[in-house]
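# Secondary and tertiary structure notes
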Amino acid sequence: FFPDRTIVNLDDRKKAITVQNLLDMASGIAWVEQVHTPNESLARMYASPDPTGFVLDQPVSDPPGEKFYYKGGDPYLLSALINKLAGQNALEFARKELFAPLGITDVRWAPVDKQGVVTGEAGMRLTPHDMAKLGYLYLRDGVWDGMRIIPSAWVERGRNGKITTSFGKYANLWWSVPDRDAFMALGRHGQLIAVFPK
């Protein structure tokens, strides 16, 4: 997806990274996500004049798809891909494809970096009522008011997880505890959208 870039540390493992690996936080990209440490990758990414290049240039520490590691670089790359493939940033895209059909109008997502890429990894602000709409959309298998908004397979992957974590499972940027039939979006500062289908 980035043929116009010269990517350092490019090897077969890095070439094998898929969009699904990024959605599962299992890209294998070497990353340190520990706040207030000198080598914290997220802070260095945001300080970089080219955050997309910063993430793409990191070495690969694990085979893609095999190991979960929570890292802001994976969803940042997903956001950069939306810019590239949709010709608009992730917030503009989400407003049209997700929020408008749900009647969500009060949404903010920042920061937007020098490249016009929305952070992707954090910073979205919604009202609790609108967060509940997202949970209800997932509860109803991606259907809202009789209209399919997201594919059933997308919801199912998030609901059942694919990658094992110390907490439970993870897939499509959602956490899950399949043996309890629970899945959730966990945000900073305790923000939570939890879905318990039973």
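As shown above, the structure is provided for reference.
Residue numbers run consecutively from 1 along every chain, following the written order of its sequence. Only residues with pLDDT of 70 or above have their local features reported here, since the model is predicted, and side-chain atom pairs are shown and tallied only from 80 upward, although totals for entire chains, interfaces and linings are computed over all residues. Only hydrogens and water are removed before side-chain values are computed, so all heavy atoms of the structure are retained for them.

## Some remarks on the pattern of salt bridges
Should their charged atoms come close, side chains of opposite charge can pair. The term salt bridge refers to a side-chain nitrogen of Lys or Arg lying within 4 Å of a carboxyl oxygen of Asp or Glu. Inspection of every chain in the model, using the stated rule, returns nine salt bridges. Ionic pairing is found between K96 and E97, a salt bridge with its closest N-O pair at 3.8 Å. The partly exposed category is assigned to E97, whose relative accessible area is 38%. Whether a residue is buried, partly exposed or exposed follows from its accessible area with a 1.4 Å probe, protein chains only, as a fraction of its type maximum: under 20%, in between, or over 50%, in that order.

## Here's the deal with helix α7 (residues 128–139)
Each α-helix turn comprises 3.6 residues. Residues three or four places apart therefore point the same way. A run of H or I in DSSP counts as a helix once it spans at least four residues, and a run of E counts as a strand once it spans at least two, with each numbered from the N terminus. Expected helix span is taken as 1.5 Å per residue step, with the number of steps being one fewer than the number of residues. Between its first and last C-alpha atoms α7 spans 16 Å; for 12 residues at 1.5 Å apiece the expected length is 16 Å, and the two agree. Those residues of α7 lying buried are D130, M131, K133, L134, G135, L137 and Y138. Among the residues trailing α7, D141 stands out with phi positive, at a value near 60°.

## What about the side chain of D181?
Within the element layout of this structure, D181 appears in the loop between β7 (174–177) and β8 (182–186). In the analysis that follows, any N or O atom pair within 3.5 Å is treated as a polar contact, provided that within protein one partner can donate a hydrogen and the other can accept it, and provided that, for residues neighboring in sequence, both atoms belong to side chains. At 2.8 Å, the side chain of D181 forms a polar contact with the side chain of R159. For D181, the residues in contact, after removing those within four places along its chain, are R159, V195, F196, P197 and K198. Should any heavy atoms of two residues lie within 4.5 Å, those residues are considered in contact.

## Here's the deal with the sheet that holds β8
DSSP-based pairing: two strands are paired if at least 2 bridges between them are found. Taken together, the five strands give an open sheet; going across it, the order is β5-β6-β7-β8-β9, and neighbouring strands pair in antiparallel fashion. In the strand order of this sheet, the two ends are held by β5 (163–164) and β9 (192–195), each with one partner. With four bridges connecting them, β8 and β9 associate as antiparallel partners. What sits directly across from A185, in β9, is I193. Each of β7, β8 and β9 is contacted by α7, which is oriented at about 25° to β9, the strand it contacts most. To obtain each axis, a line is fitted to C-alpha atoms, and for helices this fit is confined to the stretch in contact; angles are then taken between N-to-C directions over 0 to 180 degrees. The sheet contacts of helix α8 (residues 152–160) involve β6 (169–171), β7 and β8, and relative to β7 the element is tilted by about 60°.

## Some words on the environment of R108
Assignment of secondary structure puts R108 in strand β1 (residues 108–109). Each C-alpha atom of the pair R108 and R125 lies 5.1 Å from the other, and the pair is 17 residues apart in sequence. When near neighbours in sequence (up to four residues on either side) are disregarded, R108 contacts G123, M124 and R125.

## Some thoughts on the packing of aromatic side chains
Pairing of aromatic side chains here covers Phe, Tyr and the six-membered ring of Trp, requires ring centres within 6.5 Å, and sorts the geometry by plane angle: under 30 degrees stacked, over 60 edge-to-face, intermediate tilted. By the definition in use, this model includes 10 aromatic pairs. A ring pair is formed by W174 and F183, whose centres lie 5.5 Å apart and whose planes are at 50°; its orientation type is tilted. Classification of F183 as buried rests on a relative accessible area of 1%. One aromatic cluster in this structure is built from F68, Y70, F167, Y170 and W175.

## Side note on a nonpolar patch on the surface
Any residue with relative accessible area above 30% and no salt bridge may belong to a patch, with like charges joined within 9 Å and the nonpolar Val, Leu, Ile, Met, Phe, Trp and Tyr side chains within 5 Å. Accessibility throughout is a Shrake-Rupley quantity obtained with a 1.4 Å probe, and a residue counts as covered only by protein chains that appear here. Side chains of F1, V19 and L85 sit close together on the surface and give an oily, nonpolar patch of about 310 Å² of accessible area. Relative to the helices and strands, F1 is located in the segment before α1 (12–15).

## Here's the deal with the environment of L137
One can find L137 in helix α7. Note on L137: relative accessible area 0%, which makes it buried. It is 8.6 Å that separates the C-alpha atoms of L137 and L102, two residues lying 35 residues apart in sequence. Excluding residues that lie within four positions of it along the chain, L137 makes contacts with L98, L102, G142, V143, W144, I149 and I150.

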